[in-house]
Every structure is written in C-alpha cells, then in structure tokens.
Amino acid sequence: MECLYCFLGFLLLAARLPLDAAKRFHDVLSNERPSGHMWEHNQLNGWSSDENDWNEKLYPVWKKGDSRWKSSWKGGRVQAVLTSDSPALVGSTITFAVNLVFPRCQKEDTSGNIVYEKNCRNDTGPSPDLYVYNWTAWTEDSGWENDTSEGHHNVFPDGKPFPHPWKKNFVYVFHTLGQYFQKLGQCSVTVSINTANVSLGPQIMEVTVFRRHRRTYVPIAKVKDVYVVTDQIPVFVTMSQKNNRNSSDETFLRDLPITFSVLIHDPSHFLNESAIYYTWNFGDNTGLFVSNNHTLNHTYVLNGTFSLNLTVQAEVPGPCPLPSPRPPKTTPSLVPTGDNTLELWEIPDESCHITRYGYFKATITIVEGILEVNIIQVTDVLMPGPQPDNSLVDFVVTCQGSIPTEVCTVISDPSCQITQNPVCDPVAVELGDACLLTVRRAFSGSGTYCMNLTLGDDASLALTSTLVSISSRDPASLSRMANGILVSLGCLAILVTVIAFLMYKKHKEYKLIENSPGIEIRGKGLNVFLNHAKTLFFPGNQEKDPLLKNQPGIL
C-alpha cells in the first residue's frame, strides 16, 4: 500500500513538472500584477492577458545581472529609452515611444541593418567591417521568409505569427495592467492606448526588446516608465509682461498689463470638440472673469502679493449613460404576478456630455518698475581742439516709473541685426523723483547706426531704439575742405580789391594842369597811356573825357 502511494505521488509530480516549467508572460515581464477584478476593469483594446504562455525556447529569458547580457550586442550594450505624453485625461489616448540607443559609431540604415558610421572612431578603433548586423544577408541565406515548418520562428513570444510585411529586426513586448502587446519594429516604435478603461493614478509601462539572431531572438534591453491617468484636465499657465526682467520668478510690475495664456496638455486632441470655459480670480478684489479665450490680460494697480486661481471647465461629448429604471404606475388590475416586474426606462432626448475640470494656482508679487523710456534729444558733441577719431553723441533720455539703476546701449547696423560691443554703466546721478539723464556714446566712423538703449533695475528692463546718422570726419576730406575755404577767401579778396579800385576811379576829383611846355607834353603822353590801359582792361567804358562827370545832371 505504501508503494502504491509513492507511485501515485510520483505520477502527480511528473504530471506537474511541465506545468511548472512553462513560463508565462507575467513571469518574464514583471511580478507586479493587478487583481483579477482590476484586470477585467482595465481591459485594453488589442492587448492580451499576461497569463498566456511564453515561448522561452525561441525567446530566452535572462534575469538582471546575467552574464549573457554583456554579449547580447556587438560593441557594447544597447540602451532603450521609453517616453510617453503623460499625464493623460481619462478617456483620451496616451502614446508611448521607445528609441534604441546603439553603441558609439553604430547606426541603423534605411534597410534596417546595423552599420558602422563612416569616419567614426570608437575605443577599439575603426572597424574593417561595414555591418554590425547584416540581417538582409541572413534572410537571403537562411530562407527566412520561406520557412513554413511547424516550429517556424516568424512568430511572437505567445506564438502568434508576424504580420506581413514583417521585415523588421526587433521585437518589442509592452506590458502594463496585467496585459501585453507585441510589435515588430526598427530602432524606434510607438504604441498608443485609450485610457477609458484605465484606473486613475500612476501606472507602470514595461518594455522588453529582442533582436533577431538567425532562427532565434536575443534580449538586448529592458526599460520601464511611470505614466499617469487623471480625471482633471492638465493645465499650465504662462505669464508674460512688457519690461519685466524675469517672469519666471512670478514677480511683475504695477500698472502694466500681464498676459496670461492657458496651455492644456491634450496631445491626442481629446478636447478638440469640447466647449471650454476659463474662470479667473486674480486675487485683487476685481471679481471673477469668465472667458472662452485661453488668453487674458490683467493689470494690477497695487503693490503686494496676490493669489491667482484659474478653473478650466470642458464639456466633453460622450456616450450617454444607461437610462435609469422608473417604477411603473401600478393599478389593481395591472399588478403583475410573480417576479416579472415591468420596468420603464427614461430615454434622454438630448446629446450627452461629460464635464471635466482643471485647476491652476499661483502666487504672484507686484512691485514698482520702469514703465516706459524715451529718447527726447540727440546732440553731436564738439570737443575743443583737435577732434577725436570717434564721434561723440549725447542722448537725452526720460523714463516713467521707478528710477533706473543701470543704462545699457547696443550699437548695431541699420537693420538692428549685427551688433557691436554692448556698453553698460551704473546710473550714479541722483535723479530724485524725475527720471532725466544724458547718455554719451562714441561712434566709430561715419554712417547710419541702430542704437538700442535700455534702462534697468532689479525688477524691470525698459527698451527703446533710434537711428543715428554720423557724418564723415576723414582727415583728407577736412584738408580738402580747408583748401577750398582758403581759395574762396582769396578770390573774395581779389574781387573786393577790384571793386574798390573801380569805385575810386569813378568818384575821384581831377585838378587842372598849368600850361607848361614840358609838363604838357608829359601829361598828354601819360593821359594817352592811361586811356589805352582803360580801353584794354575795361572795354565797356567809352568815355573820352572824365571831366564831363563834373557837369551837373549826369548819373
């Protein structure tokens, strides 16, 4: 009898060994599994239960730390990077992306083969081979596509055949919520799931990657990441303001509008058909502002700290819930007998929607700042003595708001694109309550310049621009100008001398000459000589006897 019990036990143990030896997906991928009720609730479309068997002969399983990982890839280890567009609003679609990072100097070509990059040197020097893995040659040599035997290798770990065309060299196995999804791909793949049946909160996505190796597969990388499913709309608000030095510190200026722009994280465009409303409370006792525009401007008129609150409401079109049963009206003659109770259902006559909310809160600080800056006057500076090579220009600047502590200028080309060295100076002059200062800058060479001028303090930075035209101060040009002036002055002196001479000749008085024989002869000869000279140099004057001018009545 004892031998019989031993024999039955041996049979039971032998019958149990195959069951124990067969691995399942959850044994290979993860030990973190939801309960049966949770799995039924979280069923994903197109995914399978991780209770299915895993083909360990075709897809070997290596634990962490196994020495075989070191030789799973030529030239080093392959890293898998898993990302997602989480967080996802429940009901929307979340997308996961896996990218393989190969060892240095390796890349995937257009055919899916892994090749060495040209002109790239790694620690072992340039490789004489072109290919790291030439899967195209393997396929042609081994007749991979024509394999039709019962134990063929064109299948996934659960035995399902590859879809056609299947010319991809990596097998990706995604695992989450007690379910898995298998996909062929190259060095990058994406997978999307709808979150309508996913539990709220953080979840884990795991991915295992295999590469082809003749008629089997070799694991090369494993990676996991956390994603979040929420019933609140993921909302973020950007805040910007003119003249604000640093918006990231949530400190803004008084009496200048702040632009609030709402960003809703909705990569799958789940809310595109939804009516969205924004309710603002700026915390300064100005009341509530409701808008259907994602951008709004608001101006704070007092200094201090304020609490900003935003509520986003989205009316999402969706399936109507099951109608609720309504108790039937009973009459003595229509009371049903037995358990067959008559139920009437309320059928809605309007389209249904689901209301989702999103919230954003922030604490902002309002301070004094420079509100505006203007250049009211531009003046050339003339220095006594020889002029310097650079042209000096004074800019008279006014501003509104707080008193600046520094002034900076940037001189550039007329398009304000190509800049020269910026210059910054502290404002050391006590300006009092009025902001009025003179900024002197040097310009090298003639031409037109664009000058940007900024006034700043701890919280603000105000900007203005102007175009400046500088005339030429070339030494050769100055010499030519001086020579021209001297020539002009010389000509003017000669002209004045001639005019004076003519005026003298016109108005001088002649004296009578006594009758002296010697003098008379000499006088006549001199008179004839002067008359010839006048005729030669002044042909317009035909007067024979200048003494006629002494007669009254002739002008």
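The rules we used
- Residues numbered from 1 in each chain as written.
- Predicted model: local features only at pLDDT ≥ 70, side-chain atom pairs only at ≥ 80, totals over all residues.
- Heavy atoms only, no water.
- Helix = DSSP H or I, 4+ residues; strand = E, 2+ residues; numbered from the N terminus.
- Buried < 20%, exposed > 50% of the residue type's maximum accessible area, 1.4 Å probe, protein only.
- Contact = heavy atoms within 4.5 Å.
- Areas by Shrake-Rupley, 256 points an atom, 1.4 Å probe, with all protein chains shown as cover.
- Core = buried A, V, L, I, M, F, W, Y, C linked by side-chain atoms within 4.5 Å.
- Pairing = 2+ DSSP bridges.
- Axes fitted to C-alpha atoms, helices over the stretch in contact; angles between N-to-C directions.
- Polar contact = N/O pair within 3.5 Å; in protein donor to acceptor, adjacent residues only side chain to side chain.
- Disulfide = S-S within 2.5 Å.
- Phe/Tyr/Trp six-rings, centres within 6.5 Å; stacked < 30°, edge-to-face > 60°.
- Lys NZ or Arg CZ within 6 Å of the ring centre and 35° of its normal.
- Patch = residues over 30% accessible without salt bridge, like charges linked within 9 Å, V, L, I, M, F, W, Y side chains within 5 Å.
- Salt bridge = Lys/Arg side-chain N within 4 Å of Asp/Glu carboxyl O.

(A) Up close: the overall build of the chain. Each helix and strand counted, the chain has 6 helices and 29 strands in total. Looking at the 555 residues of the chain, the share that counts as buried comes to 32%. Sequence-distant contacts in the chain: of pairs separated by 6 or more residues, those separated by 24 or more amount to 66%. As displayed, the chain has an accessible area near 35400 Å², and 56% of this comes from carbon and sulfur atoms.

(B) Main features of the nonpolar core. Ranked by size, the top nonpolar core spans 34 residues in total, and within it Trp73, Leu100, Phe170, Tyr172, Phe174 and Val207 carry the most contacts. Secondary-structure elements contributing two or more residues to this core are strand E2 (79-84), strand E4 (93-101), strand E6 (114-116), strand E7 (131-133), strand E8 (170-176), strand E10 (188-194), strand E11 (201-213) and strand E12 (216-230). Per element, the largest residue contribution to this core is 5 residues, and it comes from E12. Residues within four places of Val207 in sequence aside, it is in contact with Leu82, Val98, Tyr172, Val173, Phe174, Ala221, Lys222 and Val223. Listed in part, the 26 residues of the second largest apolar core include Ile233, Phe282, Val312 and Ile366.

(C) Region of the structure containing the sheet that holds strand E27 (residues 436-443). Read across the open sheet, the 3 strands follow the order E23-E24-E27; overall the sheet is antiparallel. The sheet is open, and its two borders are formed by strand E23 (370-380) and E27, each paired with just one other strand. Averaged over all pairs of adjacent strands, the angle between strand axes in this sheet comes to 30 degrees, irrespective of strand direction. Taken together, the 9 bridges between E23 and strand E24 (residues 391-401) define a ladder with antiparallel strand orientation. In the strand pairing of E24, Asp380 is matched with Val393.

(D) Up close: unusual backbone geometry. In this chain, Ser86 is followed by Pro87 through a cis amide linkage whose omega measures 0 degrees. Note that Pro87 resides in the loop between E2 and strand E3 (88-89).

(E) Up close: the side chain of Ser291. Its location among the elements puts Ser291 in strand E17 (residues 288-291). A relative accessible area of 17% means that Ser291 is categorised as buried. Within the structure, the side chain of Ser291 is placed 2.9 Å from the backbone nitrogen of Asn293, a separation counted as a polar contact. Not counting residues within four places of it along the chain, the set of residues in contact with Ser291 comprises Tyr277 and Tyr278.

(F) Up close: the environment of Lys107. Here Lys107 shows up in strand E5 (residues 106-108). Each C-alpha atom, one on Lys107 and one on Val132, is 8.9 Å from the other, the two residues being 25 residues apart in sequence. If sequence neighbours within four positions are ignored, Lys107 has contacts with Phe102, Asn113, Ile114, Val115 and Glu117.

(G) Geometry of the state of the cysteines. For the coordinates displayed, the defined rule picks out 4 disulfides. Sulfur-sulfur distance for the disulfide between Cys399 and Cys435 comes to 1.7 Å. Disulfide Cys399-Cys435: torsion about the S-S bond near 110 degrees, hence right-handed. With Cys399 in strand E24 and Cys435 in the loop between strand E26 (423-426) and E27, this pair connects stretches of sequence that are 36 residues apart. Each member of the pair, Cys399 as well as Cys435, is classed as buried. What pairs with Cys408 in a disulfide is Cys424, and their sulfur atoms sit 2.0 Å apart. Taking the sign of the torsion about the S-S bond as the criterion, the disulfide between Cys408 and Cys424, at about 115 degrees, is right-handed. Taken together, the residues span a long stretch of sequence, with Cys408 in strand E25 (residues 406-412) and Cys424 in strand E26 at a distance of 16 residues. Taking the relative accessible area as the measure of exposure, Cys424 reaches 45% and is therefore partly exposed.

(H) Structural detail: the packing of aromatic side chains. This structure, assessed with the given rule, holds 27 aromatic pairs. Look at Trp135 and Phe170: their rings are 5.5 Å apart centre to centre, the planes differ by 80 degrees, and that puts the pair in the edge-to-face class. Residue Trp135 is located in helix H4 (residues 135-142), and its partner Phe170 is located in strand E8; the two are separated by 35 residues in the primary sequence. On the accessibility criterion, Phe170 (0% relative accessible area) is buried. When the ring of Phe443 is compared with that of Tyr449, the centres are 5.2 Å apart and the planes differ by 55 degrees; the resulting orientation is tilted. Assigned by exposure class, Phe443 and Tyr449 land together as buried. Each member of the aromatic cluster is reached from another via a ring pair, and the members are Phe25, Trp54, Tyr59, Phe156, Phe162, Tyr180, Phe210 and Tyr217. Residue placement shows Lys74 over the ring face of Tyr133; its charged tip is 5.4 Å from the ring centre.

(I) Spotlight on a nonpolar patch on the surface. A grouping of Ile204, Val226 and Val228 is seen on the molecular surface, where their side chains present a nonpolar patch of about 200 Å² in accessible area. Considering the arrangement of structural elements, one finds Val226 in strand E12.

(J) Representation of the sheet that holds E7 within the structure. Strand order in the open sheet formed by 3 strands is E5-E6-E7, and the pairing between neighbours is antiparallel. Every interior strand has two partners, whereas the edge strands, E5 and E7, have only one. Within the sheet, the average angular offset between the axes of one strand and its neighbour, ignoring direction, is 35 degrees. Of the pairings in the sheet, the one linking E5 to E6 comprises 3 bridges and is antiparallel in character. When the sheet's bridge partners are listed, Gln106 is paired in E6 with Tyr116.

(K) Summary view of the pairing of E27. Residues Leu437, Val439, Arg441 and Phe443 of E27 are buried on one face, while the alternating residues Leu436, Thr438, Arg440 and Ala442, pointing to the opposite face, are not. Two elements, E24 and E27, share 8 bridges in a ladder whose sense is antiparallel. Within E27, the position partnered with Val393 by the bridge is Arg441.

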